[in-house]
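So you can see what is in the structure, the chains are spelled out below.
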Amino acid sequence: MEAMDPTRVFVKDVKRVVVKVGTAVVSRDDGRLALGRLGALCEQIKEMNTRGFEVILVTSGAVCVGRQRLRYRKLVNSSFADLQKPQDELDGKACAAVGQTGLSALYDALFSQLDVTSSQLLVTDNDFRDPDFRLQLSETVNSLLDLKVIPIFNENDAISTRKAPYEDSSGIFWDNDSLAALLAMELKVDLLILLSDVDGLYSGPPNEPNSKLIHTYVKEKHQTEITFGDKSRVGRGGMTAKVKAAVYSAYAGVPVVITSGYATDNILRVLQGERIGTLFHQDAHLWIPVHDVGAREMAVAARDCSRRLQSLSSQDRKKILLDIADALEANESVIRAENEADVADAQQAGYDKSLISRLSMKAGKVSSLAKSIRVLASMEEPIGQVLKKTELADGLILEKTSSPLGVLLIVFESRPDALVQIASLAVRSGNGLLLKGGKEAKRSNAILHKVITGAIPDTVGSKLIGLVTSREEIPDLLQLDDVIDLVIPRGSNKLVSQIKEATKIPVLGHSDGICHVYVDKSADLEMAKQIVLDAKTDYPAACNAMETLLVHKDLLNTDGLTELVVELQNEGVTLYGGPRVSSLLNIKETESFHHEYNSMACTVEIVDDVYEAIDHIHQHGSGHTDCIVAEDRDVADMFLQMVDSAAVLHNASTRFCDGARFGLGAEVGISTSRIHARGPVGVQGLLTTRWILRGTGQVVDGDKGVIYTHKNLPLKA
């Protein structure tokens, strides 16, 4: 079952909102008011007021403000002798009485600067025992909201019958969190937002690395799983009090979001339907299956299975790949049927032709994938290869060996065949794998995952490869830098950029495939024509397809450029020109050289020489794949040496930049990153190294007894 985005379910109907801000948000660590956060809060409420929302504010902080003022007052009026005596704790009710005036005055001043009028309403627990009071309260608030006035509520701690402002958790309400929940129901609001000093409710104390943010609270699932940390540094109950109030409100019919009040725009983001903080809703159990496997559980399971996979013999790992290939061929008809259903849905939804082209698994595709898996299985064993062997000292031998990375997270769009390639590479390299494909390939990905994991023996476990079915799980997965070792996004520039910004996990991949073909004046023009046509038309949606054609200026004086242009147009390619060539060829001028068409279109431009071609590629390219067509060996060598791309080709189509064509068996993607793997990433790109040291009882002992030789040894004895 795919989880829905519950936040968007109710925000469209929200009009009346209660915002509760806690003491930890309105005050700094030194006890003084956090003026920046208060200013941002008031600006958001102003914006809500302008948009037509009815906003009710419940604020803490009076006791904190009063304590700060009274401490200062006491210090000013104390003698040196007084300061030597133990200092008595200030009376909480006195602090509340003094602080309330200052807090109210500050809100009034801030709102006045924004042309907003605010009002103050102080209440006590006993007030709500009177039905007439409740009626009058509603009428007063309704009148204020009709006038676009912001009602600001606070418990009147100065005259409360509670023993002390921070004690006694019983009664109709017992703190400002429960007061906010009570007001939400009394005033029939549509949403309650509780602002905290953390991002929301975590599964454990937020400062612990294994704690994860709970986006949607399901009472049946989470009430027994959560471990609360310390309460707020200044408030009454911290997150425990907020959760209690949130559950109370949500199950009475008022949705609640707990989110950080430290951010300057979180209230507005909640109202826009963004998935931030923790949502409490009475229907949450219908949205989020109680027994769903969480992101961490899935990643940990993949790691455990990968370790079992690594413990197998090389022959046993090869057999798993061969079994997967056989299973794919045996299930080709059902795979094709599910894929055709995805393609039909994509066409009906009006997706771009380039996406549908990548989505479609045409006849022969499954057999081709099975063949590539068998080729991968026949390759040399990648795990545990000795890459370097050194004698450190007599009888002390050090080996540098190849080793799996651990757990990979691959996020890809459109292409279900990528799932097969990635899964087979993960098995061959001994890695655990988490896969998230695009929603447009939902059926295809599901059947392929089922077939592949069904071929994995129980000695390893089918959880070696996890399929993430909801995009809502991605933010959680991207936070698991202690479990996931590498993220590889395959998709749009936007997808790659978003993932890079959202994670501490190393990211390997490319965002654009802006590939160039430069035709030099020394080129064999017939060869150039064939290379250019293949680079553009063989598979226009591929990331290694030509997007820009650069031509030496001397070819303007020959029929060479004209023939190239005519051939491209005859094949149905739409041409866009750079500033130097658009008028000459009578084609529309391109808006940008940094553009990936992914379709039957490309840009053409004239350059003075190979140096200008190189500069153009460095300025407008993406570091993916670039090609020169030239017979002049010196010019070609200059291009190959100076173009700083992951793959640079001479007299060959850019379409050759591919894992299978490079002899890697398959590819997990093409990387323009400058980390351990670059260009097409096959098995070797999914490995790291380990050091194995074998001794005969040596100890360091300050290096007194060790004579280092550091002698290189042959890898095979």
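Residues numbered from 1 in each chain as written. Predicted model: local features only at pLDDT ≥ 70, side-chain atom pairs only at ≥ 80, totals over all residues. Heavy atoms only, no water.

Focus on the overall build of the protein chain
(1) Moving on: If you tally the helices and strands in the protein chain, you get 26 helices and 24 strands.
(2) Moving on: Here the C-alpha coordinates of the protein chain stretch approximately 95 × 80 × 60 Å along the principal axes.
(3) Moving on: Split into buried and exposed, the 717 residues of the protein chain put 54% on the buried side.
(4) Moving on: Carbon together with sulfur atoms contributes 49% to the accessible area of the protein chain, which is approximately 32,700 Å² in total.
(5) Moving on: Treating the 79 positive side-chain charges of the protein chain as one cloud and the 96 negative ones as another, the clouds have centres 5 Å apart. (Helix = DSSP H or I, 4+ residues; strand = E, 2+ residues; numbered from the N terminus. Buried < 20%, exposed > 50% of the residue type's maximum accessible area, 1.4 Å probe, protein only. Areas by Shrake-Rupley, 256 points an atom, 1.4 Å probe, with all protein chains shown as cover. Lys, Arg positive; Asp, Glu negative; His and termini not counted. Charge placed at Lys NZ, Arg CZ, Asp CG, Glu CD.)

With respect to the packing of helix H15 (residues 332–348) against helix H19 (residues 442–454)
Helix packing geometry: the angle between the two helix axes and the distance between the axes.
(1) Moving on: Orientation of H15 relative to H19, taken along the N-to-C sense of each, is 160 degrees, at an axis distance of 7 Å. Considering the angle they form, H15 stands roughly antiparallel to H19. As H15 runs across H19, the sense of the crossing is left-handed. Listed contacts from H19 to Val-334, Ile-335, Glu-338, Asn-339, Ala-341, Asp-342 and Asp-345 of H15 are Lys-442, Arg-443, Ser-444, Ile-447 and Leu-448.
(2) Moving on: Considering only residue class, the contact of H15 with H19 consists of five nonpolar, two polar and five charged. (Axes fitted to C-alpha atoms, helices over the stretch in contact; angles between N-to-C directions. Parallel < 35°, antiparallel > 145°, perpendicular 65-115°, else oblique. Left-handed = near helix turned anticlockwise from the far one by under 90°. Contact = heavy atoms within 4.5 Å. Nonpolar A, V, L, I, M, F, W, Y, C, P; charged D, E, K, R; others polar.)

Quick look at the nonpolar core
(1) Moving on: Leu-328, Ile-410, Leu-433, Leu-435 and Ile-465 are the most contacted members of the largest nonpolar core, which totals 51 residues.
(2) Moving on: Here this core takes eight residues from helix H18 (residues 417–429), the largest share from any one element.
(3) Moving on: Excluding its chain neighbours within four sequence positions, the residues that come into contact with Ile-410 are Ile-422, Leu-433, Leu-434, Leu-435, Lys-436, Ile-488 and Val-668.
(4) Moving on: Ile-56, Leu-137, Ala-245 and Ala-250 belong to the second largest nonpolar core, which has 36 residues in total. (Core = buried A, V, L, I, M, F, W, Y, C linked by side-chain atoms within 4.5 Å.)

Notes on the pairing of strand S18 (residues 601–607)
(1) Moving on: Burial runs high along S18: seven of the seven residues are buried.
(2) Moving on: By the alternation rule, side chains of S18 split into Ala-601, Thr-603, Glu-605 and Val-607 and Cys-602, Val-604 and Ile-606, which are all buried.
(3) Moving on: Note: strand S16 (residues 546–552) against S18, five bridges, orientation parallel. Bridge pairing links Val-551 to Ile-606 in S18.
(4) Moving on: Relative to S18, strand S17 (residues 574–577) runs parallel, the two sharing four bridges. Directly across from Leu-575, in S18, lies its bridge partner Cys-602. (Pairing = 2+ DSSP bridges.)

A short note on the sheet that holds strand S24 (residues 708–712)
(1) Moving on: Spatially, four strands are ordered S23-S10-S9-S24 in an open sheet, and the strand pairing comes out antiparallel. This sheet does not close on itself; its edge strands, each paired only once, are strand S23 (687–694) and S24. The mean inter-strand angle of the sheet, taken between neighbouring strand axes irrespective of direction, is 25 degrees.
(2) Moving on: The pairing of strand S9 (residues 386–393) with strand S10 (residues 396–404) spans six bridges and is classified as antiparallel. Bridge pairing in S10 places Lys-388 opposite Lys-400.

Re the side chain of Thr-124
(1) Moving on: The topology assignment puts Thr-124 in the loop between strand S3 (118–123) and helix H7 (131–146).
(2) Moving on: Relative accessible area serves as the criterion here: at 12%, Thr-124 is assigned to the buried category.
(3) Moving on: Not counting the four nearest positions on each side in its chain, Thr-124 is found in contact with Asn-156, Ile-159, Ser-160 and Phe-173.

What about the pattern of salt bridges?
(1) Moving on: Enumeration according to the criterion identifies 33 salt bridges in this entry.
(2) Moving on: Residue Glu-47 pairs with Arg-51 through a salt bridge whose shortest N-O separation is 2.9 Å. Of the two residues, Glu-47 and Arg-51 both sit in helix H3 (residues 35–51), four residues apart, roughly one turn of that helix.
(3) Moving on: Residue classification places Glu-47 among the partly exposed positions, given a relative accessible area of 31%.
(4) Moving on: Glu-381 is the partner of Arg-428 in a salt bridge, and the nearest nitrogen-oxygen pair spans 3.2 Å. Of this pair, Arg-428 sits in helix H18 while Glu-381 is found in the loop between helix H17 (365–378) and S9, placing the two residues 47 residues apart along the sequence.
(5) Moving on: A relative accessible area of 13% places Glu-381 in the buried class.
(6) Moving on: By sharing partners, the salt bridges in this structure join Glu-526, Lys-529, Glu-563 and Glu-567 into a single network. (Salt bridge = Lys/Arg side-chain N within 4 Å of Asp/Glu carboxyl O.)

Focus: the sheet that holds strand S7 (residues 256–260)
(1) Moving on: Judged by pairing direction, the sheet is mixed, and its eight strands sit side by side in the order S3-S4-S2-S1-S5-S7-S8-S6 without closing on themselves. Two strands in the sheet have a free side with no partner beyond their single neighbour: S3 and strand S6 (216–217).
(2) Moving on: Here H3 sits on the sheet and contacts strand S1 (16–21), strand S2 (54–59), strand S4 (150–155) and strand S5 (191–196); the angle it forms with S2, its principal contact strand, is near 160 degrees.

Brief notes about the environment of His-650
(1) Moving on: Looking at the element boundaries, His-650 is found in strand S20 (residues 647–650).
(2) Moving on: Under the relative-accessibility criterion, His-650 is labelled partly exposed at 23%.
(3) Moving on: Placed 116 residues apart in sequence, His-650 and Asp-534 show a C-alpha to C-alpha distance of 14 Å.
(4) Moving on: In this structure, His-650 is in contact with Ile-628, Ala-630, Arg-633, Ala-636 and Leu-640, ignoring residues within four places of it in sequence.
(5) Moving on: Within the structure, the side chain of His-650 is placed 3.3 Å from the side chain of Asn-651, a separation counted as a polar contact. (Polar contact = N/O pair within 3.5 Å; in protein donor to acceptor, adjacent residues only side chain to side chain.)

A look at helix H8 (residues 176–186)
The α-helix winds at 3.6 residues per turn, so residues separated by three or four positions along the chain end up facing the same way.
(1) Moving on: Across the 11 residues that make up H8, a large majority, 10, are buried.
(2) Moving on: Among the residues making up H8, those that are buried are Asn-176, Asp-177, Ser-178, Leu-179, Ala-180, Ala-181, Leu-182, Leu-183, Ala-184 and Glu-186.
(3) Moving on: By the N-cap criterion, in which a side-chain oxygen at the helix start approaches the backbone nitrogen of a residue two or three places on, H8 is capped by Asp-175, the distance to Asp-177 being 3.2 Å.
(4) Moving on: Phi turns positive one or two residues past the end of H8, at Lys-188, with a value near 55 degrees.

With respect to the confidence of the model for the protein chain
(1) Moving on: Across the protein chain, pLDDT averages 86, with 90% of residues at or above 70.
(2) Moving on: This stretch, residues 1–5, has a pLDDT under 50; its non-local contacts, to residues over four places away or in other chains, come to 18 contacts. (pLDDT = per-residue confidence, 0-100.)

Quick notes on helix H23 (residues 560–570)
(1) Moving on: Those residues of H23 that fall on the buried side of the exposure criterion are Gly-560, Leu-561, Leu-564, Val-565 and Leu-568. Relative to the axis of H23, the buried residues are bounded by an arc of 130 degrees and lie together on one face.
(2) Moving on: Buried-residue contacts for H23 involve strand S15 (515–519), helix H22 (525–537), S16, S17, helix H24 (582–585) and S18. (Arc of directions from axis to C-beta.)

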